[in-house]
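A closer look at the structure
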Amino acid sequence: MSASGLTSILIWLPIAGAFGIWLLPLSRYATGSLALLLSLAEVGFWIEQATRFDFSRSGLQMSEQANWFGDLGVSYHVGVYGFSVWLVGLTVVVMAACIGYGFWVGRDRTRAYFGLMLLLTGATVGVFESQDLLLFYAFFEAMLIPLYVLIGVWGGARRMEATIKFVIYTMAGSLIMLAAIVSYGLKAGTFDLVDGPTSASRWLFLGFMLAFVIKAPLFPFHGWLPDAYREAPPEVAAVLSGVIAKAGLYGMLRIAITKFPDPTSFYRTTVLALAAAALVYGSLLAFRAPDFRGVVAYSSLAQSGLIALGLFAGTDLGFDGAVLQMVAHGLVSASLFLLAGVVERRTTTGEFRLLGGMARGRPALATLLMTVGVISLAVPGSSMFAGEFLILAGVFQRAWFWAVIGAAGILLAAMYMLRLISAVLHEARGSTVTDEALDLRPGELALIVPLVGVLLALSVWPAGISHHSFTPDSPTAAVRTGFK
Amino acid sequence: MSLNTPHIDWFGLSPVLTLIGASFFALLCAVLVPRALRRVASASISVVGFAAGIVLAVWLYVDSANGHTIAAGAFYRDRWTALGQIILCAVGLATTLLAVEHLPGWGRDADPGRRDDHVSEFFALLLASAAGMAFFVGAANLMVLFLSLEWFSIALYVMCAIDYDLEGSLEAGLKYLVVGSFGAATLLFGSALVYGATGKISFSGIATAIGSEGVTSDAFVVTGIALIVAGLGFKMSAAPFHMWTPDVYEGAPTTVTAWMSSATKVAALLLTFRLMTTAFPHNQHLWGWAFAIIATISLAIGNFAALVQRNVKRILAYSAIAQAGFMLIGLSTGSPLGARALMYYLIPYSAAAFGSFAIVAARERELGVPVTLDNLAGFGWERPFLGVAMWFFVFGFAGLPLGGGFVGKFYVFAAAYDHGWVWLVIVGVLATLVSLYYYLAIVRAMYMRPGAELQLHPDAGVAVTGGAPARESLLHVAVGAAFVVSFGSLFAVEPLIDLAQHAASTLPF
């Protein structure tokens, strides 16, 4: 198989799998197995892709281009850069774990469920790989459709409000982006992201950014976030915060910053201020949240802010750190949401006042939650520490006070994570924690341990990502030349 | 005295003649074929008629690279006409399949003495209205325009009222008759004024006359254009000429609604584009703005009114008004890009419009009552195929990338932007956002309501099918075809755009 074929396979294999699952009258068990198998095959294909990717070469690799409709200059153009390889990897790994989780807990309406999860996988990989604006937009929107149904059908009691809010918020951003895409593409004569020229239009920049800050989200566009993260099934919340949010941040890096250099520097302070606000405000909300998922949800808001700080710092260290942090936080928040699901299954609740004392007699749960929690509060030596350190150093080069705010956010992160750990694992035993609440079962371990294992590996060698995202150029030079 | 008859290119008229011929044969079935075979016989004639229509229209498309008028300048033989006829005949074929199992009334009242009494007339009218529309899209002068408009309208009036045991159907027929006649009269009056000012009835002749005599801002011409725009606005159910749409779509038998909502719109929009660009190129600033404003009003009224509806047919009716608004964006630019956008948009739109009403028809038959958002609960899980198809259709309407509707929206926005109308792009974007709410409401009703909320009529299915679940293989075929067109047009954009581009090449830009 040619290297460029891999890029398309990663997008279309799960989508074809989704249609296959919908059409084939398979049993419950066979459906789940097939979906899990496909998601693992995705991981395999991705490993092949990452192995074949030449990190010492700049520019787009493994690209494929086919005509979609030529009269407006729209094509099916896919390919990967160093940083997109890592984000694709994040997607396939997290999706495999989440599909496995759905299989483990035995979601009803099996064929619909697994088909949608696979569709979501393909669409998300498509976002990270497409090199044409309209194709990017199509995948960006296509992510929303399975998410809407997944939350709306399998979600919690208040899922209706959550889905409506989520869809209206994100579509408002996306549709404005569509108008911006039309304007950019027609003016440039092409919708290609690689060939497309840079633009100095502030309106277009704002149009694109609106979609991305809602998806990420940044303060004050996070209104959809708490409901969606609380009402979604845990594995879908894990995808939302681990992967989908990163699509917004990826968009900032690939489109907003790259294609709009002048508006980026014009609005730099504004975006940095919003990012800093998201970081501090999200951390404070996380500290105040009364439940497991609330803490993780708001901490995702905070982390999106931190990553945006790194991206809009516009320095080498900031870009490197942002990419590393996207992957590390994606894995952390996915693990945390899966752990939240695990806890909720045993105690029927995620509320702290009803939880506590789960560490006793449940060593595996305690160890995993402690490990993820400690990585997430950026203990020195962890992958999150490496990412946050790079981002802070990068944003310090821009202006010292951004780094101060960032550091304050990290301090807050320690506070809310420790609060979460102690409220679930330690303290007095909660009223819903019974002796029947077992430790993690092998099936659950098989899902969460690999995620934590990857995190630990990244902690050992964060340069694996941070030095292999933009090489051989310096990141700022790569951004300036549009990754050509 | 010798009468000069013009040379007639019979082949150029063949799709129309085939359809009208099939209509006569279907009508003969009503008297010559025994009751037991009537449904099968007349439906078969209808299938053959539409299939032959498609074949001939494709042939004409291939054979008419150089568009010209035939029959003494009365009718266009070109690719714009041919492509329109292909779409119309395809929708007609699908409607026939739907009608075989879902013909209104006669199945339900289960009076064996009257069963299938008028089934042949229905197919005859369907073919006759299709013939009228196929003639309408190729009209080359104001006389043919008006005649063919009346031709298919009269057939449609009767079709709306054909379920004469139901008050709603009669009311729909009457309402459509009154309002439709008013629209036709407006159109006729406008045509008269234009003729009075220019002395011509052929589209190209009008353009030449307006250009050479410098009567661009002549009061007769301007008023005439305004009245013609209004008259055609009634047919394409664009606001503010839309008042009849929700009532008629709701009251008419759902099979007829499916036919009207897709075919009438195709015919009206294609003809309007040709009429405006051919006859009134000098007044583009006038009708361009007029249609842009009508598009804006349609988008606003259609979308906001749909938000508060509970009846699914009414929701889809208001959605049809809003969709007319989107297509009018393409039309209002009057540019080659706008022509492509309009032609492309119509293909997934007509498939999705037909398909969504066909699915409503299936649910209606299952329940025996009008379909509302409440009694749609759980439908997606009970009938997985129809549920998924509906899901794709409404998301395609909403412009999500589950179908060609997405690319269609992109094209009309591109056309508006290309024309310099950024405000119209913004209007379209905002309208899409509003529309999401009610499109999602349909999906929500089908999939996300708990089964307990389901209000199934215990007896409803029994009367029709004797207790067994309805076997609707033909409906599934029709919906499946619509699904393939609507979804496939997302991928086959280039070939379809090429078709549209060739079709538009005969229009004078």
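Nothing here was measured: the structure is a model prediction, and the numbers come from that model.

Turning to the overall build of chain B, a few remarks are in order. On a plain count of helices and strands, chain B comes out with 20 helices and two strands. The C-alpha radius of gyration of chain B comes to 22 Å, within 12% of the 23 Å expected for a compact globule of 509 residues. Across its three principal directions, the C-alpha atoms of chain B cover 70 × 60 × 40 Å. Split into buried and exposed, the 509 residues of chain B put 63% on the buried side.

A few words on the overall build of chain A. Scanning chain A for helices and strands turns up 19 helices and two strands. Taking the principal axes of its C-alpha atoms as reference, chain A extends roughly 65 × 60 × 40 Å. Sequence-distant contacts, at least 24 apart, represent 82% of the contacts inside chain A between residues at least 6 apart.

Taken together, the contact between chain A and chain B spans 26 residues of the former and 23 residues of the latter. Of all elements in the fold, only β1 (61-69), α5 (133-154) and α6 (159-188) of chain A reach the threshold of two or more residues within the side of chain A that touches chain B. Considered class by class, the residues forming the side of chain A that touches chain B number 20 nonpolar, four polar and two charged.

The next subject is the confidence of the model for chain B. Atom-level detail of predicted coordinates should not be read off regions where pLDDT is low. All names here are of chain B. Here chain B averages 89 in pLDDT, while 93% of its residues score no lower than 70. Below pLDDT 50 for its whole length, residues 457-468 participates in 17 contacts with residues either more than four positions away or in separate chains. We note a pTM of 0.93 for the whole complex and an ipTM of 0.91 for its interfaces.

Here β1(A) runs beside strand β2 (residues 74-80) of chain A; their pairing, made up of six bridges, is antiparallel. If you follow A:Gln61 over to β2(A), its bridge partner there is A:Val80.

This part is about the nonpolar core. The biggest cluster of nonpolar side chains holds 405 residues, and the ones touching the most others in it are A:Met143, A:Ala275, A:Ala308, A:Leu309 and B:Ala358. Top element by residues in this core is helix α13 (residues 336-367) of chain B. It accounts for 20 residues. The contacts of A:Met143, once residues within four sequence positions are left out, are A:Leu120, A:Ala123, A:Thr124, A:Val127, A:Ile244 and A:Ala247.

Let us look at the packing of helix α6 (residues 167-198) of chain B against helix α8 (residues 219-235) of chain B. Residue and element names in this part refer to chain B. Here α6 crosses α8 at 155 degrees, and the two axes come no closer than 7 Å. Here α8 runs roughly antiparallel to α6, going by the angle between their axes. When you trace α6 past α8, the crossing you get is left-handed.

On to the environment of A:Arg293. Residues and elements named next belong to chain A. With respect to the helices and strands, the residue Arg293 is situated in helix α12 (residues 292-313). When the 25 C-beta atoms within 10 Å are taken as the criterion, Arg293 is described as buried. Taking the C-alpha atoms as reference, Arg293 lies 18 Å from Glu444; in sequence the two are 151 residues apart. Non-local contacts of Arg293, meaning those with residues more than four positions away in its chain, are made with Tyr229, Arg230, Ala237, Ala340 and Gly350.

Glancing now at unusual backbone geometry. For the bond from A:Phe219 to A:Pro220, the omega torsion is 0 degrees, close enough to zero to count as cis. Positionally, A:Pro220 belongs in the loop between α7 (202-215) and α8 (225-231). Cis rather than trans, the peptide bond between B:Ala239 and B:Pro240 has omega equal to 5 degrees. Residue position: B:Pro240 is located in the loop between α8 and α9 (244-251). Backbone geometry places B:Ala72, a non-glycine residue, at a positive phi of 55 degrees. Note that B:Ala72 resides in the loop between β1 (68-70) and β2 (75-77).

Residue and element names in this part refer to chain B. For the pair helix α16 (residues 404-418) and helix α19 (residues 473-491), the least separation of the axes is 6 Å and the interaxial angle reads 55 degrees. The angle between α16 and α19 places the two elements in the oblique class. Facing Gly404, Phe406 and Val407 of α16, the residues of α19 in contact are Ser486, Ser489 and Leu490. For the contact of α16 with α19, a count of residues per class yields three nonpolar, three polar and no charged.

Burial analysis of β2(A) places six of its seven residues in the buried class, which makes it a mostly covered element. The antiparallel pairing of β1(A) with β2(A) creates a hairpin that spans four residues between the two strands, and A:Gly73 there sits at a positive phi of about 75 degrees.

Residue and element names in this part refer to chain B. Among the structural elements, Ile329 can be located in helix α12 (residues 312-333). In this structure Ile329 comes out as buried when scored by C-beta crowding, with 31 C-beta atoms within 10 Å. A C-alpha to C-alpha distance of 21 Å links Ile329 and Thr506, two positions 177 residues apart in sequence. Contact partners of Ile329, with chain neighbours within four places excluded, come to Ala295, Val412, Ala415, Ala416, Leu424 and Gly428.

Residue and element names in this part refer to chain A. With respect to the helices, strands and loops of the structure, Ala359 is situated in the loop between α13 (316-347) and α14 (363-376). Taking the C-beta count within 10 Å as the criterion, Ala359 has 18 such neighbours and is therefore assigned partly exposed. For Ala359 and Leu425, which are 66 residues apart along the polypeptide, the C-alpha to C-alpha distance reads 4.6 Å. Setting aside its immediate chain neighbours within four residues, Ala359 contacts Ala366, Leu425 and His426.

Scoring rules and cut-offs
Residues numbered from 1 in each chain as written. Chains lettered and ligands numbered in written order. Predicted model: local features only at pLDDT ≥ 70, side-chain atom pairs only at ≥ 80, totals over all residues. Helix = DSSP H or I, 4+ residues; strand = E, 2+ residues; numbered from the N terminus. Rg over C-alpha atoms; globule rule 2.2 N^0.38 Å. Buried ≥ 20, exposed ≤ 12 C-beta atoms within 10 Å, placed from the backbone. Contact = placed C-beta atoms within 7 Å. Nonpolar A, V, L, I, M, F, W, Y, C, P; charged D, E, K, R; others polar. pLDDT = per-residue confidence, 0-100. Pairing = 2+ DSSP bridges. Core = buried A, V, L, I, M, F, W, Y, C linked by C-beta atoms within 7 Å. Axes fitted to C-alpha atoms, helices over the stretch in contact; angles between N-to-C directions. Parallel < 35°, antiparallel > 145°, perpendicular 65-115°, else oblique. Left-handed = near helix turned anticlockwise from the far one by under 90°.

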